[in-house]
Amino acid sequence: MRIVILTENTANGRGLLAEHGLSVLVEAAGKRILFDTGQSDVYLRNAGELGESLEGLDGIVLSHGHYDHTGGLPAFPEELPAPVFVRENAFEEKLSGSREKGTYRDIGIPWRKEGGEGAFGRGKLLAKGLLRQTGSLEEIFPDVWTVSGIRAVVPEEPVPEQFFLRRGDMLVPDLMEDEQLLVFHTPEGLAVFAGCAHLGILNCLERVKEVFPGKRLWLLLAGMHLRGCSRQRLEASVEGLRRCGFSWIIPLHCTGMEAIVEMRKAFGKHCLPGDAGRRYEL
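Residues numbered from 1 in each chain as written. Predicted model: local features only at pLDDT ≥ 70, side-chain atom pairs only at ≥ 80, totals over all residues. Heavy atoms only, no water.

The protein chain is annotated in an unreviewed UniProt entry as MBL fold metallo-hydrolase of Candidatus Eisenbergiella stercorigallinarum.

Engineer: I'm lost on the packing of helix 4 (residues 201-211) against helix 5 (residues 231-244) in this one. Help?
Structural biologist: Geometrically, a packed helix pair is captured by the angle between its two axes and the distance between the axes. The contact between helix 4 and helix 5 brings their axes to 9 Å, and the two run at 25°. In terms of orientation, helix 4 and helix 5 fall into the roughly parallel class. In the crossing of helix 4 with helix 5, the sense of the turn from one axis to the other is left-handed. Mapping the contact onto sequence places Ile201, Leu202, Leu205 and Lys209 in helix 4 and Ala236, Ser237, Gly240, Leu241 and Cys244 in helix 5. (Axes fitted to C-alpha atoms, helices over the stretch in contact; angles between N-to-C directions. Helix = DSSP H or I, 4+ residues; strand = E, 2+ residues; numbered from the N terminus. Parallel < 35°, antiparallel > 145°, perpendicular 65-115°, else oblique. Left-handed = near helix turned anticlockwise from the far one by under 90°. Contact = heavy atoms within 4.5 Å.)

Engineer: I keep staring at the sheet that holds strand 6 (residues 93-98) and nothing clicks. Help me out?
Structural biologist: Strand order in the open sheet formed by four strands is 7-6-11-12, with antiparallel pairing between adjacent strands. Both outer strands of the open sheet, strand 7 (103-106) and strand 12 (170-173), are each paired with one neighbouring strand and no more. Direction aside, neighbouring strands of the sheet carry axes that sit 40° apart on average. (Pairing = 2+ DSSP bridges.)

Engineer: What exactly am I supposed to notice about the packing of aromatic side chains here?
Structural biologist: One pair of aromatic rings is described through two measures. These are the centre distance and the angle between the planes. Counted under the stated rule, the structure contains six aromatic pairs. Measuring from ring centre to ring centre gives 5.9 Å for Phe91 and Trp111, while their planes differ by 70°; the resulting arrangement is edge-to-face. Separated by 20 residues along the polypeptide, Phe91 in the loop between strand 5 (84-86) and strand 6 and Trp111 in the loop between strand 7 and helix 3 (122-127) bring together distant segments of the chain. Here Phe91 and Trp111 have matching classes, each one buried. Where Trp145 meets Phe212, the ring centres are 5.5 Å apart and the plane angle is 75°; that geometry is what we call edge-to-face. A residue pair is termed long-range when its members are at least 10 positions apart, and Trp145 in strand 10 (residues 144-147) and Phe212 in the loop between helix 4 and strand 15 (217-223) qualify at 67 residues. Each of the two residues, Trp145 as well as Phe212, counts as buried. Through successive ring pairs, a cluster of aromatic residues spans Phe35, Phe184 and Phe193. (Phe/Tyr/Trp six-rings, centres within 6.5 Å; stacked < 30°, edge-to-face > 60°. Buried < 20%, exposed > 50% of the residue type's maximum accessible area, 1.4 Å probe, protein only.)

Engineer: Would you mind going over the side chain of His66 with me for this structure?
Structural biologist: Within the secondary structure layout, His66 lies in the loop between strand 4 (59-61) and helix 2 (67-70). Excluding anything up to four places from it in sequence, His66 contacts Lys94, Ile107, Gly108, Phe163, Met176 and His198.

Engineer: In this structure, what is going on with helix 1 (residues 42-50)? I would like to understand it.
Structural biologist: Each turn of an α-helix holds 3.6 residues, which means side chains three or four residues apart point in the same direction. Taken together, the buried positions of helix 1 are occupied by Val42, Tyr43, Asn46, Ala47 and Leu50. Seen end-on, helix 1 carries its buried residues on one side only, within an arc spanning 135°. The elements touched by buried residues of helix 1 are strand 1 (2-7), strand 2 (23-28), strand 3 (31-35) and strand 17 (279-281). Once helix 1 finishes, Gly51 follows within two positions and takes phi at roughly 70°, a positive value. (Arc of directions from axis to C-beta.)

Engineer: Mind showing me how you'd approach the pattern of salt bridges here?
Structural biologist: Where charged atoms from two side chains of opposite charge approach closely, those side chains can pair. Scanning all chains against the criterion turns up 24 salt bridges. The partner of Asp41 in a salt bridge is Arg45, with the nearest N and O atoms 3.9 Å apart. The shortest N-O distance in the salt bridge between Arg231 and Glu235 comes to 3.2 Å. You can see Arg231 and its partner Glu235 sitting in helix 5, four residues apart, about one turn around the helix. (Salt bridge = Lys/Arg side-chain N within 4 Å of Asp/Glu carboxyl O.)

Engineer: What is the right way to look at the environment of Val4 in this model?
Structural biologist: With respect to the secondary-structure elements, Val4 resides in strand 1. Overall, Val4 belongs to the buried group, its relative accessible area being 1%. Discounting residues that sit within four places of it in the chain, Val4 has contacts with Ser23, Val24, Leu25, Leu50, Glu52, Arg278 and Arg279.

Next comes the structure, spelled out in C-alpha cells:
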C-alpha cells in the first residue's frame, strides 16, 4: 500500500502548502483512489510539488459533506475524469453552531447548489456520469469498500451537539449519516481511512468490525475529532485503539495536537506523522 498525504492542517517540506482540510492519495488493491479533496486546490498544487500525478485515478471518495473535505473537487482537471463516490445525504445543508447562542455557520459542500451555466455542481457530475451515490456498505472495486451506517454505541463517544442540518425552516441535529469510511482488504488486514470520525473513531471501528467480522485491523489513517475533548474521552480513545491492535496509525487533521502526542506516546514508531507531503509504502 502506498499513501501520499496531499492536504493536511500542517505541511512537511519546502514549497508545500497547508490548509484546514484533508486529501490523501491511496494506491492499493490495484487501484489509485483520492480520498477527499481538501477545501481548495492545495492538493493539486502539492501533488505537483511532490511530482505525484493524479492521472488515471480509479475514483475519488468523499468522506462526508463538509467544505474542508469536498471544497477542492471543482479544481480537479476536467480532462482527468474520475467517478466520485459520495453519500446522498452529504448534499444537505450542514451547519455548525450553538442553539443557546443562536449562531450558526455553513460548513457544507460549497458546490452542492447549482450555479450558473457551466458552473461546477452536483448536476455537472450527474451530466458527466461521474456521480456514484454509495449505500451503507458498498464494494466500489474488488477489495475496496465504502462503509457508513456508523452509530454511537461507545459510551465515551456520544453524538456531537454542535452539528445541525437545515431542513426547510427547521434545524435538526446532524447525526452524520453521510460519513463514510474507505476500507481496503489487504493481505496484512484491513486498512481503514476516516475523514473526521465525527461520531467517534471507536464507533467507526465498531462498525468496521460489525461488517467485516474476524478481520484483522492493520492500518488506520484518520481525522479523529479529538481536539479539545475531555481527558476521559482522550484516554478512552487511546485505550480503544490499543485494543484494536493496529500495526500502523496515522492520526491527522482534526485529531488535535494533544491527542496526537498521546498516541505517539502509546504507540511509538507505529504512530506515523500525518503532515502534507508525507509518503508511505507499508
